[in-house]
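# Topology and contacts: notes
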Amino acid sequence: MKPVLLIDFGSTYTKVTAVDVDAPRLLGTANSYTTVQTDINDGLADALDKLEQTTGRLVFCEKYAASSAAGGLRMLASGLVPELTAEAAKTASLGAGAKVLKTYAFKLTEDDADEIKRLNPDIFLLVGGTDGGNTDCITHNARVLAEIGGSYPVILAGNRNAARECERILEGREVHITENVMPKFGTLNIEPTQKEIREVFLNRIVQAKGMTKASELISGIMMPTPSAVMAAMKLLAEGTKRQNGIGDLVAVDVGGATTDIYSVAEGLPDDPRTSLKGLPEPYIKRTVEGDIGMRYSIHGIVDAAGIEKIAEIAGLPEERTSEIIEMFAANTDMLPNDDETQRVDEALASMAVRTAVTRHAGRLEEVFGIGGLKLVQTGKNLLNVDKFIVTGGSLIHTEHTGRIASYGFYDEEDETSLKPKHAEVLVDRKYIIAAMGLLSEHYPDAALTIMKEELVKDGTCSK
Amino acid sequence: MEKKTLVIGVIGADVHAVGNQILYHAFSDAGFNVVNLGVMVSQEEFINAAIETNADAIIVSSLYGQGELDCRGLREKCDEAGLEGILLYVGGNIVIGKQPFDEVEKRFKAMGFDRSFPPGTAPEVDIAALKEDLHIED
Ligand code: B12
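### Thoughts on the overall build of chain B
- Counting its regular elements, chain B contains six helices and five strands.
- Overall, chain B shows an N-to-C arrangement of helices and strands of β-α-β-α-β-α-α-β-α-β-α.
- If one aligns the C-alpha atoms of chain B with their principal axes, the spans along those axes are about 40 × 30 × 25 Å.
- A buried classification covers 51% of the 138 residues belonging to chain B.
- Put simply, of all contacts in chain B between residues at least 6 apart along the chain, 74% involve residues at least 24 apart.
- In the structure as shown, chain B presents an accessible area of about 6,600 Å², 52% of it carried by carbon and sulfur atoms.
- Charge separation in chain B, taken as the distance between the mean sites of 11 positive and 23 negative side-chain charges, equals 4 Å.

Here you go:
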């Protein structure tokens with residue numbers, strides 16, 4: 001046996017997962033409640049105690065960790081045109097596992113400057129202009145950042161013709177110059193930026209967030225938790241040299257404050273005559289809905305879906321549904337404790353899934369013009385994706401996961417939305433996906449075997 | 001001298017793709033940096049591309065006869081977006097049927113187009129006009 005420990009330092013829980021990489025299997029999982037005040041090492045020790053109560057004493061050969069503690073990797077980004085470089089900056093940051101507090105477009109205003117100062121991010125990503133294109137905006141924004149000061153690093157990934165000037169403007173600050181996120185018009189080049197974000201995270205953020213003590217105990221790979229989830233989903237879809245993956249997939253993680261959606265798929269049109277509009281889409285895409293969450297962002301779900309719809313799914317009168325929603329909003333720790341609260345919780349989860357997957361997926365629209373119909377696709381086509389992975393507290397602790405997940409499927413009432421038509425629902429009941437992403441860095445085969453074993457089917461659904 | 005940047009595309013719901021490809025190659029060969037948006041391009045897409053690439057001119061094609069409708073308001077939107085004074089050209093078959101072109105030209109001038117070209121204009125004519133307007137010497 002060769003036990004390896006995977007740790008996820010979250011903002012409220014420290015979660016540990018033990019696996020044997022020799023004969024790949026899950027040995028056990030445990031978690032402990034941590035607060036901002038508690039030393040993260042206490043949380044870790046506590047979680048390990050709990051783990052060993054079930055697994056017996058374990059001597060770990062290696063320990064790896066991911067972190068979303070202290071609010072995660074908090075980023076701000078600015079670009080030029082909202083649909084172009086600003087969008088590219090956001091896509092790059094989300095794909096690097098960051099929590100994007102806000103994305104600015106065009107020239108930063110005085111109000112923006114005040115806000116940036118107040119938000120005080122971990123990293124600022126400054127982009128804008130294609131190579132050889134606009135330089136006014138990015139240099140203006142560099143000047144604004146220089147003026148407000150601050151100690152966070154700035155990653156410059158805009159028009160290369162402005163890079164050195166921006167660096168001079170930001171003299172005295174930690175500046176990392178990398179390739180443009182949109183070197184040519186309409187192209188997306190986000191990997192260099194993501195690599196830079198990961199390095200800054202490792203070298204700076206991990207230390208700044210009081211994790212140095214923990215990192216001494218750990219063999220390596222501190223990454224933001226969402227990056228670990230992405231690594232796991234990529235592995236699960238693609239497989240390794242020795243083992244097949246399960247193919248294209250969509251994954252949903254409904255949390256208390258946000259809902260994250262991941263897709264691993266090219267997402268190209270079914271019909272080659274369809275024209276594509278908008279930015280090219282990354283093969284592995286992550287979107288985060290900041291207004292969709294089961295407790296802190298519960299009102300966002302109501303705003304998006306309507307109280308009538310939630311009440312209808314719950315099978316309760318609107319008034320009672322609203323009452324329960326207000327109760328959840330006021331008590332963010334509250335778990336469903338009877339039939340009615342359970343029904344409302346599931347209805348909310350269903351609408352969180354529907355809203356977030358709809359925003360993540362692309363659209364196929366018919367444009368009526370002279371000479372007939374033309375098909376135009378924006379975003380990713382996920383119609384043919386046939387695996388739907390579900391993780392996150394409110395979805396893995398209910399028996400009705402499959403039913404809730406099916407709200408993320410193609411819906412005739414919203415026929416232009418390119419969500420999966422028929423997919424098998426796989427549930428992360430033991431909440432191991434992030435841990436498997438960490439494990440995949442050194443033991444991809446073990447991580448894949450364990451995921452295939454532990455992600456349980458919850459029916460094949462279609463709507 | 002630095003290359004001048006042109007944003008080109010076929011406006012509206014127009015799918016005539018052949019002329020657009022010819023223009024792309026002709027302009028590139030003439031030494032321009034060409035951002036080709038292809039067919040079915042909205043006014044907003046022309047403008048967004050011109051902003052990011054700091055373009056010197058927007059060259060609009062319209063082949064299917066709806067050019068006048070599709071082009072309306074483009075100049076005002078450019079001004080709004082901070083692209084004041086950007087060179088605007090239009091060509092192709094910009095109106096329906098055969099109309100006296102000086103009339104057509106007048107109407108497009110009033111809409112803020114610096115130049116408009118009658119059907120069948122060769123790319124060379126366009127290139128010569130660009131060189132003149134952008135002060136490019138051979
Ligand atoms: C092929 C074709 C089609 C194909 C297009 C296939 C494709 N994806 O490209 C299909 C069958 C789809 C089609 C459809 C239609 N078509 Co059609 N089509 C043609 C045709 C026969 C050839 C076009 C072509 O490729 N020409 C060759 C290229 C090289 O020339 P070009 O496009 O004119 O471009 C050159 C110049 O115009 C110039 N130029 C272009 N832009 C600019 C800009 C500037 C600034 C300058 C200086 C120059 C310039 O330079 C280009 C390169 O040399 C023409 C007739 C013709 N002979 O031109 C009709 C024609 C363009 N079509 C026409 C029509 C009406 C239609 C339809 C509305 C028909 C219908 N009712 O269904 C639809 C519209 C569909 C749509 N939404 O766009 C009319 C337009 C009439 C008008 N403007 O008054 C034409 C002129 C036929 C006609 N005489 O009636 N069409």
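### Describing the packing of aromatic side chains
- Using the criterion set out here, one finds five aromatic pairs over all chains in the structure.
- When the ring of Phe27(B) is compared with that of Phe32(B), the centres are 6.4 Å apart and the planes differ by 85 degrees; the resulting orientation is edge-to-face. Accessibility assignment for this pair places Phe27(B) and Phe32(B) in one class, buried.
- Ring geometry for Phe108(B) versus Phe113(B): centroids 5.8 Å apart, planes at 70 degrees, classification edge-to-face.
- The class of Phe113(B) is buried, set by a relative accessible area of 2%.
- When the ring centre of Tyr152(A) is taken as reference, the NZ or CZ atom of Arg173(A) above it lies at 4.8 Å.
- The side chain of Arg295(A) reaches across the aromatic face of Phe328(A), ending 3.9 Å from its centre.

### Topic: the interface of chain A and chain B
- Listed as interface residues are 20 residues of chain A and, on the opposing side, 16 residues of chain B.
- For the pairing of chain A and chain B, the buried interface totals around 1,400 Å² over both sides, and the portion due to carbon and sulfur atoms is 65%.
- Scanning the region where chain A abuts chain B turns up one salt bridge.
- Residue Lys277(A) pairs with Glu45(B) through a salt bridge whose shortest N-O separation is 3.7 Å.
- The interface formed by chain A and chain B holds eight residue pairs in polar contact (both at pLDDT 80 or more) in total.
- Every element with two or more residues in the side of chain A that touches chain B is listed here: helix H2 (82-95), strand S13 (275-277), strand S15 (363-369) and strand S16 (372-378) of chain A.
- Top element by residues in the side of chain A that touches chain B is H2(A). It accounts for three residues.
- The residue makeup of the side of chain A that touches chain B, split by class, is eight nonpolar, nine polar and three charged.

### Remarks on the sheet that holds strand S1 (residues 5-10) of chain B
Residues and elements named next belong to chain B.
- Read across the open sheet, the five strands follow the order S2-S1-S3-S4-S5; overall the sheet is parallel. Either end of the sheet is taken by a strand with one partner, and the two such strands are strand S2 (33-36) and strand S5 (115-116).
- Pairing of S1 with S2, which is carried by four bridges, proceeds in the parallel orientation. Bridged to Leu6 within S2 is Val34.
- Its contacts with the sheet place helix H1 (residues 18-29) against S1, S2 and strand S3 (57-62), and it is angled at close to 170 degrees to S1.

### Comments concerning a negative patch on the surface
Residues and elements named next belong to chain A.
- A cluster of acidic residues, Glu110, Asp111, Asp114 and Glu147, forms a negative patch on the protein surface.
- Per-element tally for the negative patch: the top contributor is helix H3 (residues 110-119), with three residues.
- Mapped onto the elements of the fold, Asp111 is located in helix H3.
- Exposure remark for Asp111: the relative accessible area of 62% places this residue in the exposed category.

### Describing the sheet that holds strand S5 (residues 74-78) of chain A
All names here are of chain A.
- Read across the open sheet, the five strands follow the order S6-S5-S7-S8-S9; overall the sheet is parallel. Of all strands in the sheet, those bounded by a partner on one side alone are strand S6 (99-104) and strand S9 (175-177). Sheet twist, expressed as the average angle between the axes of neighbouring strands with direction ignored, equals 20 degrees.
- Direction of pairing for S5 relative to S6: parallel, over a ladder of five bridges. Bridge pairing links Arg74 to Lys99 in S6.

### Concerning helix H2 (residues 43-53) of chain B
- Among the 11 residues in H2(B), nine count as buried, and that is most of the element.
- Restricting attention to buried positions, one finds in H2(B) the residues Gln43(B), Phe46(B), Ile47(B), Asn48(B), Ala49(B), Ala50(B), Ile51(B), Glu52(B) and Thr53(B).
- Considering only its buried residues, H2(B) is in contact with H2 of chain A together with S1, S2, S3, helix H3 (67-71) and helix H4 (74-80) of chain B.
- Positive backbone phi, approximately 55 degrees, marks Asn54(B), located one or two places after H2(B).

### Observations regarding the nonpolar core
- If you look at the biggest cluster of nonpolar residues, it comprises 68 residues, and the most contacted ones within it are Val16(A), Leu51(A), Val7(B), Ile58(B), Val60(B), Phe108(B) and Phe113(B).
- Not counting chain neighbours up to four residues away, the residues in contact with Val16(A) comprise Leu5(A), Leu6(A), Ile7(A), Gly28(A), Thr29(A), Ala30(A), Leu44(A), Ala47(A), Leu48(A) and Leu51(A).

### Quick word on the domain arrangement of chain A
All names here are of chain A.
- Domain annotation of chain A identifies domain 1 (3-70 + 209-219), domain 2 (74-204) and domain 3 (243-429).
- Centre-to-centre separation of domain 2 and domain 3, based on C-alpha positions: 30 Å.
- In this assembly, 13 residues from domain 2 lie in contact with six residues from domain 3.
- Broken down residue by residue, the surface that domain 2 buries against domain 3 is led by Thr91, Leu94 and Leu188, which jointly contribute 55%.
- The tally of links between domain 2 and domain 3 comes to zero salt bridges.
- Connecting domain 2 to domain 3 are two residue pairs in polar contact (both at pLDDT 80 or more).

### Side note on the state of the cysteines
Residue and element names in this part refer to chain A.
- If you walk through the whole model with that rule in mind, you get zero disulfides over all chains.
- Here Cys137 is not cross-linked by a disulfide; its sulfur's nearest cysteine counterpart is in Cys166, at 9.6 Å.
- Cys137 gets classed as buried once you look at its relative accessible area, which sits at 3%.

### Description of the packing of helix H8 (residues 225-238) of chain A against helix H16 (residues 444-454) of chain A
All names here are of chain A.
- At their nearest, the axes of H8 and H16 sit 10 Å apart, and the two run at 80 degrees to each other. The orientation of H8 relative to H16 falls into the category roughly perpendicular. Contact residues: H8 offers Ala232, Met233, Leu235 and Leu236, while H16 offers Pro444, Ala447, Leu448 and Met451.

### A word on the side chain of Asp8(A)
Residue and element names in this part refer to chain A.
- Position of Asp8 among the secondary structure elements: in strand S1 (residues 3-9).
- The charged side chain of Asp8 is buried without a salt bridge, its nearest counter-charge being Lys15 at 7.2 Å.
- Polar side-chain contacts of Asp8 include one of 2.9 Å to the side chain of Thr225.
- Ignoring anything within four residues of it in the chain, the contact list for Asp8 reads Tyr13, Thr14, Lys15, Ala66, Ser67, Ser68, Thr225 and Ala434.

So, how was this worked out
Residues numbered from 1 in each chain as written. Chains lettered and ligands numbered in written order. Predicted model: local features only at pLDDT ≥ 70, side-chain atom pairs only at ≥ 80, totals over all residues. Heavy atoms only, no water. Helix = DSSP H or I, 4+ residues; strand = E, 2+ residues; numbered from the N terminus. Buried < 20%, exposed > 50% of the residue type's maximum accessible area, 1.4 Å probe, protein only. Contact = heavy atoms within 4.5 Å. Areas by Shrake-Rupley, 256 points an atom, 1.4 Å probe, with all protein chains shown as cover. Lys, Arg positive; Asp, Glu negative; His and termini not counted. Charge placed at Lys NZ, Arg CZ, Asp CG, Glu CD. Phe/Tyr/Trp six-rings, centres within 6.5 Å; stacked < 30°, edge-to-face > 60°. Lys NZ or Arg CZ within 6 Å of the ring centre and 35° of its normal. Buried area = accessible area lost by both parts, 1.4 Å probe. Salt bridge = Lys/Arg side-chain N within 4 Å of Asp/Glu carboxyl O. Polar contact = N/O pair within 3.5 Å; in protein donor to acceptor, adjacent residues only side chain to side chain. Nonpolar A, V, L, I, M, F, W, Y, C, P; charged D, E, K, R; others polar. Pairing = 2+ DSSP bridges. Axes fitted to C-alpha atoms, helices over the stretch in contact; angles between N-to-C directions. Patch = residues over 30% accessible without salt bridge, like charges linked within 9 Å, V, L, I, M, F, W, Y side chains within 5 Å. Core = buried A, V, L, I, M, F, W, Y, C linked by side-chain atoms within 4.5 Å. Domains from an automatic or database assignment. Disulfide = S-S within 2.5 Å. Parallel < 35°, antiparallel > 145°, perpendicular 65-115°, else oblique.

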